[in-house]
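Close look at the chain arrangement
The primary structure of each chain is shown beneath.
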Amino acid sequence: MRTKAVRRTGWNALGIALFVVLVFPVFWMVSTAFKTEDQINSLTPTWFPTHPTLSHFSDALHRPFFWTDVKNSLIVVLISVAIAMSVAFFAAVALSKYRFTGRKLFLVLMIGIQMLPAAGLIIPLYVVLARYHEVNTLTGVILVYIASVLPFSVWTLRGFIIGIPNDLEEAAMVDGSTRLGAFMRILLPLVAPGLVATSVFAFITSWNEYIFARTLLNDQSRQTITVWLSYFLGTQRQTDWGSLMAASTLTAIPVVIFFLLVQRKIAFGLTRGAVKG
Amino acid sequence: MPYLLVAPVVVVLGAILGYPIYNLVRLSLQRYGLFELIQHHGVYIGLHNFGSVLHDSVFWHTLVRTIVFTIANVGLTIVVGTLLALLLVQVSAWVRILLTAGLVLVWAMPPVVAVQVWNWMTNIQNGVLNYLLTELHVGDYFQHNWYVTPFSQLAMSTTLIVWGALPFVVITVYAALSQVSPELVEAAEIDGAASWRVFKDVTMPVITPVLLILTSLSILWDFGVFTQPYLLIGQGHIVPSNYLMGIYLFEEGYVRADFGRGAAISILMLVIVAAMSIVYVRRMIRLGELA
């Protein structure tokens, strides 16, 4: 038994060491954002910001187009998630509550679409959107984001709906409601947490997206926040690492908070969808 | 009734993806540059785009580089991810919670943000990575430039990609590991089976389906990867000798505005990635894990 305890201590030490290595980049980003200019430029690193300053954050916030591009990101992401969710929800209901021909095919298609490499679709999307003069408009990006979060959302939502016992809705049907009516009145409140989790995850996916926003939006005033951040380095001769890390922290914070809130639910929804036919 | 509910998804995906996919095929058979983009009209040139891509030595070099890159990235992600998941089973509960929290934090980092952090950690003047490696006596890394050769540029991209991909793999494999019956493992150990035998004969069969899904997804993601290498190497330093397929496509099709050729490259990429992952997808279907 003693060797077992020793071995466990060893594994624990290894686990902690790996934790430090994994999390270090995130720590370094936040820590740098609060450091003074001297501490950042010094050859010997300062591990913790001993004299924390907010100047880098205010500098990042006052850069041209920061707020415009945050607003753009919010518009694009909120509209595309709202549309994708309402559409995906009905499909998920159909997939988990009805048996119909083509159901399996549809599910396989939902995975298949996710497997299309995004890079392959840039060119035709650009050309199609250019034809309808939707290049450099947020509408174009919204359409692309709807398509990119839809399959995943259908799949996850289905996982949540499957988890609800059929008896509940049968009881409501005995009371004289139609199947869909029963579903909406009784089951919708039960699916709500899953719906929220899936929307948040779709929100994160679109908020983080880079390549489509980069190719479809050319104007600085019409870009999303990830594209704004990617141009940060190129805008000056001497790199202002403090402000860059402050800007990076600002971009990541909403994502990290949202993600921490829903990750458990998402893992549940995904696996449910995969296990139960 | 179910068809009515499914219809909106089909319509939306058909409109947003279906038409561009049809267009992709059509474009690949046309001469379609900036002039044609303004005219909204391409000129049919048959398989000329494919011929020109296949006769381009940059294409073949990039393809080989990308395949090696994909194998390295997917291999590292899956192997390190599985080892970490196995470690999670061994450690005490509080270390497991700590590690899981760390993984989730890393998972949540937007790729573009992670690229900027990497840039800062490896910068030539006072990158903290250089400092640490020098202090730990790994070698003299004072003002070491991590981005001189295509190999080191892509190796840095690999560290970034694997770091970002690990959490999803670890958490998924760990979830699968929890389905391994502890009684079975114990019985095997009592029978005197070596721990690698226990892993191979008891644990592996349970996590194989999950590993197959993760491997094929990773192949798809890493083969077409764009954001990390493009931003980490930096727009100004992207040259044919460090192209990956995603970047080659972007430069040839989009930057040079040769959309017909870009479409041909996209189709070739689709075919190649399908060929690379078919083995895994087939095994997945055979295991009945799909749908």
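No experiment lies behind these values; they were computed from the predicted model shown.

Helices and strands together make up the secondary structure of chain A, namely 12 helices and 0 strands. Among the 277 residues that make up chain A, the fraction classed as buried is 44%. In chain A, 76% of the contacts between residues at least 6 apart in sequence involve partners at least 24 apart.

From N to C terminus, chain B includes 13 helices and 2 strands. Projecting the C-alpha coordinates of chain B onto the three principal axes gives extents of approximately 75 × 65 × 35 Å. Looking at the 291 residues of chain B, the share that counts as buried comes to 42%. Excluding contacts between residues fewer than 6 apart, the proportion of contacts in chain B whose partners are at least 24 apart in sequence is 68%.

Between chain B and chain A, the residue contacts involve 69 residues of the former and 76 residues of the latter. Of the residues forming the side of chain B that touches chain A, the biggest block, 15 residues, is contributed by helix H1 (residues 2-28) of chain B. For the side of chain B that touches chain A, the per-class residue count stands at 54 nonpolar, 14 polar and 1 charged.

For helix H8 (residues 150-177) of chain B, with 28 residues, the first-to-last C-alpha span of 38 Å sits near the 40 Å given by 1.5 Å per residue. Its axis deflected by about 35° at Leu 166 of chain B, H8 of chain B carries its strongest bend there, up to four residues before the proline Pro 167 of chain B.

On to the nonpolar core. Ala 88, Ala 91, Val 141, Ile 146 and Leu 150 of chain A are the most contacted members of the largest nonpolar core, which totals 152 residues. A total of 16 residues in this core trace back to one element, the largest contributor, which is helix H7 (residues 138-162) of chain A.

All names here are of chain A. As far as domains go, chain A holds domain 1 (2-53) and domain 2 (64-275). Contacts between domain 1 and domain 2 engage 7 residues on the former and 6 residues on the latter. Ranked by residue count, the leading element in the side of domain 1 that touches domain 2 is helix H1 (residues 2-33), at 4 residues. For the side of domain 1 that touches domain 2, the class distribution of residues is 4 nonpolar, 1 polar and 2 charged.

Let's shift gears to the domain arrangement of chain B. Residues and elements named next belong to chain B. Domains assigned within chain B are domain 1 (1-46) and domain 2 (55-286). Contacts between the two partners involve 10 residues from domain 1, matched on the other side by 8 residues from domain 2. Sorting the residues of the side of domain 1 that touches domain 2 by element identifies H1, strand S1 (30-31) and helix H2 (34-39) as the ones contributing at least two each. Of the residues belonging to the side of domain 1 that touches domain 2, the class tally is 5 nonpolar, 4 polar and 1 charged.

Glancing now at the environment of Leu 76 of chain B. All names here are of chain B. Here Leu 76 shows up in helix H4 (residues 57-90). Placed 46 residues apart in sequence, Leu 76 and Thr 122 show a C-alpha to C-alpha distance of 21 Å. Contact partners of Leu 76, with chain neighbours within four places excluded, come to Thr 158 and Val 162.

A word on helix H6 (residues 118-131) of chain A. Residue and element names in this part refer to chain A. The terminal C-alpha atoms of H6 lie 20 Å apart, and with 14 residues this matches the ideal 20 Å at 1.5 Å per residue to within 8%. A maximum bend of about 25° is found in H6 at Pro 124. For H6, the complete set of buried residues consists of Ala 118, Ala 119, Gly 120, Leu 121, Ile 122, Ile 123, Pro 124, Leu 125, Tyr 126, Val 127, Val 128 and Leu 129. Remark: His 133 follows H6 within two positions and exhibits a positive phi of approximately 55°.

Here the focus is the packing of H4 of chain B against H8 of chain B. All names here are of chain B. Running from amino to carboxyl end, H4 crosses H8 at an angle of 40°, the nearest separation of the two axes being 7 Å. Looking at the two axes, H4 sits oblique to H8. At the point where H4 passes H8, the crossing takes the right-handed sense. Of the residues in the contact of H4 with H8, the class split is 19 nonpolar, 5 polar and no charged.

Below, the discussion takes up unusual backbone geometry. Positive phi, close to 70°, is recorded for Phe 65 of chain A, a residue that is not glycine. By the element assignment, Phe 65 of chain A lies in the loop between helix H3 (55-61) and helix H4 (66-97). Of note in this structure, His 137 of chain B is not a glycine but carries a positive phi near 60°. Within the element layout of this structure, His 137 of chain B appears in the loop between helix H7 (128-135) and H8.

Attention shifts here to the environment of Thr 239 of chain A. Residues and elements named next belong to chain A. Looking at where Thr 239 falls in the secondary structure, it is placed in the loop between helix H11 (225-231) and helix H12 (241-275). Classification of Thr 239 by C-beta neighbours within 10 Å gives partly exposed; the count is 16. For Thr 239, the contacting residues outside a window of four places in its chain are Leu 233 and Leu 244.

The topology assignment puts Ala 94 of chain A in helix H4. For the pair Ala 94 of chain A and Ile 161 of chain A, spaced 67 residues apart in the sequence, the C-alpha separation amounts to 10.0 Å. Those residues in contact with Ala 94 of chain A that sit more than four places away from it in its chain are Pro 2, Leu 5 and Val 6 of chain B.

In the predicted model, chain B carries a mean pLDDT of 88, and 98% of its residues have values of at least 70. What the predictor reports for the complex is a pTM of 0.88 with an ipTM of 0.89.

What counts and how
Residues numbered from 1 in each chain as written. Chains lettered and ligands numbered in written order. Predicted model: local features only at pLDDT ≥ 70, side-chain atom pairs only at ≥ 80, totals over all residues. Helix = DSSP H or I, 4+ residues; strand = E, 2+ residues; numbered from the N terminus. Buried ≥ 20, exposed ≤ 12 C-beta atoms within 10 Å, placed from the backbone. Contact = placed C-beta atoms within 7 Å. Nonpolar A, V, L, I, M, F, W, Y, C, P; charged D, E, K, R; others polar. Expected span 1.5 Å × (residues − 1). Bend = angle between axes of the 7 residues up to and from the residue. Core = buried A, V, L, I, M, F, W, Y, C linked by C-beta atoms within 7 Å. Domains from an automatic or database assignment. Axes fitted to C-alpha atoms, helices over the stretch in contact; angles between N-to-C directions. Parallel < 35°, antiparallel > 145°, perpendicular 65-115°, else oblique. Left-handed = near helix turned anticlockwise from the far one by under 90°. pLDDT = per-residue confidence, 0-100.

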